[in-house]
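Residue-level structure breakdown
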Amino acid sequence: MKVSRILVVEDNPTLALALRQSLESDGHTVAVVHDGQAALEHAMGWEPELIVLDLMLPGVDGLTVLRRLRERDQATPVLILSARGEDVDKVQGFRFGADDYVVKPVGLIELLLRIRAILRRAVPDALARPGGHHRVGEVMVDLAARTVTREGAELEMAPLEFDLLACLIRHRGRAVSRETLLAEVWGFPEPDRIRTRTIDTHIATVRAKVEPDPSRPRWIVTVRKIGYRLEP
């Protein structure tokens, strides 16, 4: 398991302490802050490898923190931990660039498993082993280097977006169900309505970066009632 620097942004001191102790027991280095402004400052100075982010924070709210982080950093994984559990909140969180969304109250064991899954995705793994370069329309994907370029210029892609594209490359020419994407990219063997819907949101962001006309996708096509296919 990858040992990482994890920033916990949580204004409930009891929950923050419990989470810190659990993560440190897993071997991670943990910093805790209790408001949005401190989160932004710590993210910039400390450079965490994962951020656990509450949404209802004093001062700068969590979604604003996430938006500002993504304006300068597309790579650092962010797990939202929030009492706001409506579908609209989750969809908004993912659209702002979250890698996962967990609703309070949640058991620490489940939360640690989700954090471990994110950290596994954040480093080169089995998705990166099929070597060589792969062309998707006008972009070139280097799975080993985890880069996506268009005419020599590197495109910014979050780790989850890259892993989703890499998974489609591995299955190129075949229909890939949402359940398969959920298991191979997100690490969740059991689908649910919210998680499968978030796949569509992330597919849209990947299309926006690799398709010449995302409204009429040529390469990442929808397979009705199943999922998606990357065209040969």
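Overview of the structure.

What counts as what
Per chain, the residues get numbers from 1 upward, laid out in the order the sequence is written. Under the rules for a predicted model, residues below a pLDDT of 70 receive no local features and side-chain atom pairs below 80 are neither given nor counted, while totals for whole chains, interfaces and linings still include all residues. Heavy atoms throughout the structure, all of them, feed into the side-chain values; hydrogens and water do not. All axes here are fitted lines through C-alpha atoms, helices being fitted over the stretch that makes contact, and every angle between N-to-C directions spans 0 to 180 degrees. Every helix listed is a DSSP run of H or I at least four residues long, and every strand listed is a run of E at least two residues long, numbered separately from the N terminus. Roughly parallel refers to an angle under 35 degrees, roughly antiparallel to one over 145, roughly perpendicular to one between 65 and 115, and oblique to any angle outside these ranges. Whether a crossing is left-handed or right-handed is set by the direction in which the near helix is turned from the far one by less than a right angle, anticlockwise for left-handed and clockwise for right-handed. We call two residues in contact when some of their heavy atoms are within 4.5 Å. When residues are grouped by polarity, Ala, Val, Leu, Ile, Met, Phe, Trp, Tyr, Cys and Pro land in nonpolar, Asp, Glu, Lys and Arg in charged, and all others, Gly among them, in polar. The rule for a salt bridge is simple: a side-chain nitrogen of Lys or Arg has to be within 4 Å of a carboxyl oxygen of Asp or Glu. Here's how the labels work: a residue is buried when its accessible area is under 20% of the maximum for its type, exposed when over 50%, partly exposed in between, all with a 1.4 Å probe on protein chains only. Criterion used throughout: strands pair if DSSP finds at least two bridges between them.

**Notes on the packing of helix H1 (residues 13–25) against helix H5 (residues 108–121)**
Direction vectors running N to C along H1 and H5 enclose 55°, while the axes themselves pass 11 Å from each other. Compared by their axis directions, H1 and H5 come out oblique. Seen from above, H1 lies across H5 with right-handed handedness. From H1, Ala-18, Leu-19, Ser-22 and Leu-23 reach across to H5, where they touch Leu-108, Leu-111, Leu-112 and Ile-115. Here the residues of the contact of H1 with H5 sort into seven nonpolar, one polar and no charged.

**Things to note about the pattern of salt bridges**
For the structure shown, the criterion picks out 15 salt bridges. Taking the shortest distance from any N to any O, the salt bridge between Arg-114 and Asp-100 comes out at 3.1 Å. Placement of the pair is Arg-114 in helix H5 and Asp-100 in strand S5 (residues 100–103), with a sequence separation of 14 residues. Look at Arg-114 and you get buried, because its relative accessible area is 8%. Ionic contacts of the salt-bridge type, sharing partners, join the residues Glu-10, Asp-54 and Lys-104 into one network.

**So, the sheet that holds strand S12 (residues 227–230)**
Reading across the sheet, the three strands line up as S10-S12-S11 and stay open at both edges, with antiparallel pairing between neighbours. Only two strands of the sheet have a single partner each, and these edge strands are strand S10 (176–177) and strand S11 (220–223). Direction of pairing for S11 relative to S12: antiparallel, over a ladder of four bridges. When the bridges of S12 are listed, Thr-222 appears paired with Tyr-228.

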